[in-house]
Amino acid sequence: MANPSRAAARYHGDQAAVPGMLDFAVNVRADSPPSWLVERLSARLGDLGRYPGGDDERRAVAAVAARHGRDAGEVLLLAGGAEGFALLPNLTPRRAALIAPSFTEPEAVLAAAGVPFSHVVLDPPYTLDSARVPEDADLVVVGNPTNPTAVVHDPDQVLALRRPGRLLVVDEAFADAIPGEQASLAGRSLPDVLVLRSLTKTWALAGLRVGYALGAPDVLARLTARRAHWPVGTLQLEAITACSAPEAVAEAQRGARRLAEVRAEMVAGLTSIGVQVIEGSAPFVLFAVPDAELTRKLLEGRGIAVRRCDTFVGLDGQFLRAAVRPEWPVLVEALAEVMR
């Protein structure tokens, strides 16, 4: 039987919603990919009888490299950003430090691999403090923006976590949802910084699993030393190439600006009914209510799914997370009713 902490680490928002519910639990920006992306992927269906080709891989790597101004050798294509965490044990760290509260998959992966780790729990407003990270940690994982707090850390604060002999892993799964991609380190070639990116949220590709890592070639080689052959399929390679093109990046940024406007409206709506909202900028909102478990269940009874947060280290039973969606008035109205 899995221990409770391991089970909590493997809980994710997709487990909160069933078909037909209004889903604020998952942070995918839309219900389906844009039509141009669907058409591009559909055009490759006839190629699925062949193994993924080297030309497709090279095009995808080149597109990501050009998008971030990196060398091709600094790009690793992934089956979703989460695969980057799954590969971390290949680095054989002696001790890891996980900045919390944050995405729980690194905890689950390291625990399963028997890698010693500790949580560095931040207090509200969840500002980074490099002095709290154990000096002997040779692997440090931090989210930016951080899930579930939505906090965007200043890049200098993130880089202050660096130490000789330490690898800093920065989870930028939601970085392209921030206007201007402020605070991103994706464009900086640093030998001791590994950036993980996801394309599933912005492009509604959660079912396809697409992402990539950016880091020093020697680090990427160690990560993939025991990786299976053909780890990324033809449709995934096509999606990475398409979503890294300049016109797609521009479209994503237009969407990020719209999302920021909707987020501001949603925060104002939540605040107007007396809900305490944690200040942030990501495409989701962390907020506190007197009894999060009861509130979540009452919302569920009204057909609304939100993300429970007691599975995150550092958050207690008063927090919930909700994705930024244009239907936010429905959530606010329901919250106002259940909190009466």
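Residues numbered from 1 in each chain as written. Predicted model: local features only at pLDDT ≥ 70, side-chain atom pairs only at ≥ 80, totals over all residues. Heavy atoms only, no water.

1. Remarks on the sheet that holds strand β8 (residues 211–214)
As a reminder of what qualifies: Two strands pair under a simple rule: DSSP has to find at least two bridges between them. Counting from the N terminus, the helices are DSSP H or I runs at least four residues long and the strands are E runs at least two residues long. Note on geometry: axes are C-alpha line fits, over the in-contact stretch for helices, and angles between N-to-C directions span 0 to 180 degrees. Residues are treated as being in contact if the distance between any of their heavy atoms lies within 4.5 Å.
Spatially, the seven strands line up as an open sheet ordered β2-β8-β7-β6-β5-β3-β4, and their pairing is mixed. A single partner strand is all that each edge strand has here, and the edge strands are β2 (75–78) and β4 (117–121). Looking at each pair of strands side by side, their axes are set apart by 20° on average, direction ignored. Note: strand β7 (residues 193–198) against β8, four bridges, orientation antiparallel. Paired with S198 across the bridge in β8 is G211. Packing against the sheet, helix α3 (residues 54–68) makes contact with β2, β7 and β8, and its axis sits at approximately 120° to β2.

2. Some remarks on the side chain of D56
We count it as follows: With a 1.4 Å probe rolled over the protein chains alone, any residue whose accessible area is under 20% of its type maximum counts as buried; one over 50% counts as exposed, and the rest are partly exposed.
Within the secondary structure, D56 sits in helix α3. The exposure class of D56 is buried, given its relative accessible area of 8%. Ignoring anything within four residues of it in the chain, the contact list for D56 reads R44, T234, L237, E238 and T241.

3. Quick word on helix α8 (residues 234–243)
Among the 10 residues of α8, 10 are classified as buried, and the element is accordingly described as predominantly covered. Among the residues of α8, T234, L235, Q236, L237, E238, A239, I240, T241, A242 and C243 are the ones counted as buried. Summarising the contacts, the buried residues of α8 are in contact with α2 (35–42), α3, β2, β8 and α9 (246–272).

4. Describing the sheet that holds strand β9 (residues 276–277)
Here we have four strands laid out as an open sheet, ordered β9-β10-β13-β12, and antiparallel in their pairing. Bordering the open sheet on either side are β9 and β12 (307–308), each of which pairs with just one other strand. Pairing between β12 and strand β13 (residues 319–323): two bridges, direction antiparallel. Its bridge partner being in β13, R307 is matched across the sheet by R321.

5. Here's the deal with the domain arrangement of the protein
Filter applied, for reference: Note: domain ranges come from an automatic or database domain assignment. For this analysis, a salt bridge means a side-chain nitrogen from Lys or Arg found within 4 Å of a carboxyl oxygen belonging to Asp or Glu.
Each assigned domain of the protein is listed with its residue range as follows: domain 1 (4–32 + 256–339) and domain 2 (35–248). Here the C-alpha centroids of domain 1 and domain 2 sit 24 Å apart. If you look at the interface, domain 1 gives 32 residues, while domain 2 gives 32 residues. One can count zero salt bridges joining domain 1 with domain 2.

6. Here we look at the environment of A305
Locating A305 in the fold gives a position in strand β11 (residues 304–305). A relative accessible area of 3% places A305 in the buried class.

7. Details of the packing of aromatic side chains
The following threshold applies: Side-chain rings of Phe, Tyr and Trp (the six-membered ring for Trp) are treated as a pair once their centres are within 6.5 Å; stacked means planes under 30 degrees apart, edge-to-face means over 60, and tilted covers the remaining angles. When the NZ atom of lysine or the CZ atom of arginine is within 6 Å of a ring's centre and also within 35 degrees of its normal, the charge is said to sit over that ring.
Counted under the stated rule, the structure contains four aromatic pairs. Seen from their ring centres, F174 and F284 are 5.0 Å apart, and the 75° between their planes marks the pair as edge-to-face. You can see F174 sitting in the loop between β6 (167–171) and β7 and its partner F284 sitting in strand β10 (residues 284–288), a full 110 residues away along the chain. For the pair shown, F174 and F284 are each scored as buried. Positioned over the ring face of F284 is R321, at 5.5 Å from the centre of the ring.

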